[in-house]
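Observations on chain architecture
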Amino acid sequence: ARKPLLRIQRASREIDQLIHMLLVLTKSPERLMESAEVFALEEVVDEVVADHAALTAARSLTLSLGLLTASNLRAPISIAQIAIANLVRNAIQHSDNGAITVSVEPAGMVRIVDPGHGMAAEEVSRLYTEMARQGDGQQGRGVGLELMARICEHLGWVLQIEADEAGG
C-alpha cells in the first residue's frame, strides 16, 4: 500500500504546485522567476520518469531514461517538474505501444521520443497555431501544450514538436 500512497502524495503536491503556477501565470507571469533556484535537470527528469512508469504498466509501452547529460538549470523547480511531467504524460497518452525515451541532452534540452500516433505536417502546423493563440477553448487536454508553450515563453525556454505521419 506504500507505493500507491506515495504516488497519491506526489500527485497532491503536483496539483498544489500547478494551482500556484496557474495563479502566478494569471496574475503576474513576470513573477515566475521569483522562486527560481539552481537544480540538476537530469535529477528532475529521472524523478518524473520514475513517477510515471506505472502509467505504462498495463500497456505494451515502456518508459525509460536515455542519455542524462548533467545540466544545471536556474528556474522554479516546481514548474520544471510540471512541464516535464505534462509532456511525459502527453507522450504516454498518445502512444499505444513501443518505447518512450526521455533524455537530457547538452545545453539542458529535454527530449522525449515516443512512438505516438503520428501527425501530418498540417496537424503540427495547426498545433503551433493553437499554441500561439494560447488556448483554443478545447476541453479534456489537462494541462495542455498551449499552457506549456506559454510557460516556456515566459521562462525563455523553447518548446519544439516534431512528428511524422507514421508516429514518433
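Every chain begins its residue count from 1, and numbering advances along the sequence as written. A pLDDT threshold of at least 70 governs which residues receive local features in this predicted model, and a stricter bar of 80 or more applies before side-chain atom pairs are shown or counted, although totals over entire chains, interfaces and linings include all residues. Water and hydrogen atoms play no part in the side-chain values, which are based on all heavy atoms of the structure.

Remarks on the packing of helix α3 (residues 77-93) against helix α5 (residues 145-155)
Keep this limit in mind: For helices, the axis comes from a line fit to the C-alpha atoms of the stretch in contact; other axes are also lines fit to C-alpha atoms, and the angle between any two N-to-C directions lies between 0 and 180 degrees. Put simply, DSSP marks the helices as runs of H or I at least four residues long and the strands as runs of E at least two long, and each gets a number from the N terminus on. Handedness of a crossing follows from how the near helix is turned relative to the far one, being left-handed for an anticlockwise turn of less than a right angle and right-handed for a clockwise one. Any two residues whose heavy atoms approach within 4.5 Å are treated as being in contact. Under the grouping applied here, Gly and all other residues not named as nonpolar or charged are polar, the nonpolar ones being Ala, Val, Leu, Ile, Met, Phe, Trp, Tyr, Cys and Pro and the charged ones Asp, Glu, Lys and Arg.
Viewed as axis vectors pointing N to C, α3 and α5 meet at an angle of 145°, and their least axial separation amounts to 11 Å. Here α3 runs over α5; the crossing is left-handed. For the pair α3 and α5, the contacting residues are I79, I82, A83, N86, L87 and N90 in the first and L145, M148, I151 and L155 in the second. Here the contact of α3 with α5 is built from residues that sort into eight nonpolar, two polar and no charged.

Overview of α5
This is how the line gets drawn: A 1.4 Å probe rolled over the protein chains alone gives each residue an accessible area, and that area as a share of the maximum for its type sets the label: buried under 20%, exposed over 50%, partly exposed in between.
Burial runs high along α5: eight of the 11 residues are buried. Buried within α5 are the following residues: L145, E146, L147, M148, A149, I151, C152 and L155. In the stretch just after α5, G156 is the one whose phi turns positive, near 80°.

Side note on the side chain of D114
Our working rule: His is not counted, nor are the chain ends; Lys and Arg add positive charge and Asp and Glu add negative charge. Take a side-chain nitrogen of Lys or Arg and a carboxyl oxygen of Asp or Glu: if they are within 4 Å of each other, that pair is a salt bridge.
Within the secondary structure layout, D114 lies in the loop between β5 (109-113) and α4 (121-132). With no salt bridge to any partner, buried D114 finds its closest opposite charge in R59, at an N-O distance of 9.5 Å.

Remarks on the pairing of β5
Quick reminder of the rule: Only when DSSP finds a minimum of two bridges between them are two strands counted as paired.
Strand direction decides the pairing type here: strand β4 (residues 97-105) and β5, joined by five bridges, are antiparallel. Looking at β5, one finds that V102 is bridged to I112. Adjacent in sequence and paired antiparallel, β4 and β5 are bridged by three residues, among which A107 carries a positive phi angle near 65°.

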